[in-house]
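# Understanding the architecture of this molecule
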Amino acid sequence: FAAREPEPHLRMLDRFIILAERQDLPIRIVVTKLDLEDALPPDDPLGPAHERFAPYEALYPLHYVSAETGAGLETLREELSGRITVVAGPSGVGKSTLLNALDPEHERETGEVSEATGKGRHTTIGAQLYQIGPDTFIADTPGIRALAMHAVPEDELEWLYREFRPYLGECRFRGCTHMHEPGCAIREAVE
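Residues numbered from 1 in each chain as written. Predicted model: local features only at pLDDT ≥ 70, side-chain atom pairs only at ≥ 80, totals over all residues. Heavy atoms only, no water.

Moving on to the confidence of the model for the protein chain. In low-pLDDT segments, the atomic positions of the prediction should not be examined closely. Predicted confidence across the protein chain gives a mean pLDDT of 85, with 84% of residues reaching 70 or more. In this model, residues 117–122 is a region of pLDDT below 50 whose contacts with residues beyond four sequence positions or in other chains number 17 contacts. (pLDDT = per-residue confidence, 0-100. Contact = heavy atoms within 4.5 Å.)

Across all of its chains, the model carries seven salt bridges by this definition. For Arg 52, the salt bridge identified is with Glu 7, shortest N-O distance 3.5 Å. Here the residue Arg 52 occupies a position in helix α2 (residues 47–57), and Glu 7 occupies one in the segment before α1 (10–22), the gap between them amounting to 45 residues. The salt bridge partner of Glu 79 is Arg 28, with a shortest N-O separation of 3.4 Å. Of this pair, Glu 79 sits in helix α3 (residues 73–80) while Arg 28 sits in the loop between α1 and β1 (29–31), and the two are 51 residues apart along the sequence. Here the salt bridges share partners, and the residues they tie into one network are Glu 21, Arg 162 and Arg 165. (Salt bridge = Lys/Arg side-chain N within 4 Å of Asp/Glu carboxyl O. Helix = DSSP H or I, 4+ residues; strand = E, 2+ residues; numbered from the N terminus.)

Regular strands have side chains that alternate between both faces of the sheet. Here five bridges tie strand β4 (residues 128–133) to strand β5 (residues 136–140), and the two strands are oriented antiparallel to one another. By the bridge assignment, Gln 131 is partnered in β5 with Phe 137. A loop of two residues connects β4 with β5, the two strands running antiparallel in sequence, and Asp 135 in this loop sits at a positive phi of about 55°. (Pairing = 2+ DSSP bridges.)

All right, on to the environment of Pro 134 then. Note that Pro 134 resides in the loop between β4 and β5. Given the relative accessible area of 70%, Pro 134 is considered exposed. As for Pro 134 and Arg 83, which are separated by 51 residues in sequence, their C-alpha atoms are 9.5 Å apart. (Buried < 20%, exposed > 50% of the residue type's maximum accessible area, 1.4 Å probe, protein only.)

A word on the nonpolar core. Counting 18 residues, the largest nonpolar core has Ile 29, Val 31 and Phe 53 as its most contacted members. Looking at this core, the elements with two or more residues in it are α1, β1, α2 and β2 (62–64). The biggest single contributor to this core is α1, with five residues. Each residue touching Val 31, except ones within four places of it in the same chain, is listed here: Phe 1, Ala 2, Ala 3, Ala 49, Phe 53, Leu 62, His 63, Tyr 64 and Val 65. The next biggest cluster of nonpolar side chains, apart from the first, holds ten residues, and it includes Val 30, Leu 73, Leu 76 and Leu 98. (Core = buried A, V, L, I, M, F, W, Y, C linked by side-chain atoms within 4.5 Å.)

Let us now look at the pairing of β5. Of all five residues that make up β5, four are buried, and the element is covered over most of its length. Here strand β3 (residues 84–87) pairs with β5 via four bridges, running parallel. When the sheet's bridge partners are listed, Val 86 is paired in β5 with Ala 139.

Our focus in this paragraph is the packing of aromatic side chains. One pass over the structure, following the stated rule, counts two aromatic pairs. On the numbers, 6.0 Å between centres and 85° between planes, the contact of Phe 1 with Phe 16 is edge-to-face. Of this pair, Phe 1 sits in the segment before α1 while Phe 16 is found in helix α1, placing the two residues 15 residues apart along the sequence. Each member of the pair, Phe 1 as well as Phe 16, carries the same accessibility label: buried. Consider the rings of Tyr 161 and Phe 164, whose centres lie 4.9 Å apart with planes at 25°: the pair is stacked. For Tyr 161, a relative accessible area of 23% puts it in the partly exposed group. (Phe/Tyr/Trp six-rings, centres within 6.5 Å; stacked < 30°, edge-to-face > 60°.)

Below you can see the structure in the form of structure tokens.
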């Protein structure tokens, strides 16, 4: 997801996470375009992106990077070493630009975010697997504009949120929706 341009929609990030959790896939969140953050406060070099993505940091490895400045790229490259990784996310967040920075040997086509809509334009048209180092492979995928949750049964959903797991089964009522019931352990934890 991009720090900015296009504006990050965290509900879509949640959907990606739920689908990956359901398949038991390891998750690593990468926040791109850190160089676009305006007026970074001196006490927080990550600026507003850090505040926006902070809730995810306790649950998943999170990397803040800039393909433009190179910030965070070396650490990310080390973490991806020896793995097979799929890069997935919305259109326009800089997936191909990031891969070009990590692997300049294979130049991928990149595009701009639409000024009219503020959304990314589809540039990558198919998934492509690249070897970027010894035993290190990365798949670039087309951007996703919408992500549906039809395949996730409602009774499994709460287990796909890592932060819910310690509280599940602790609610006063069986079948708690965690929306309005008194004695809801998850709502009490949030408060």
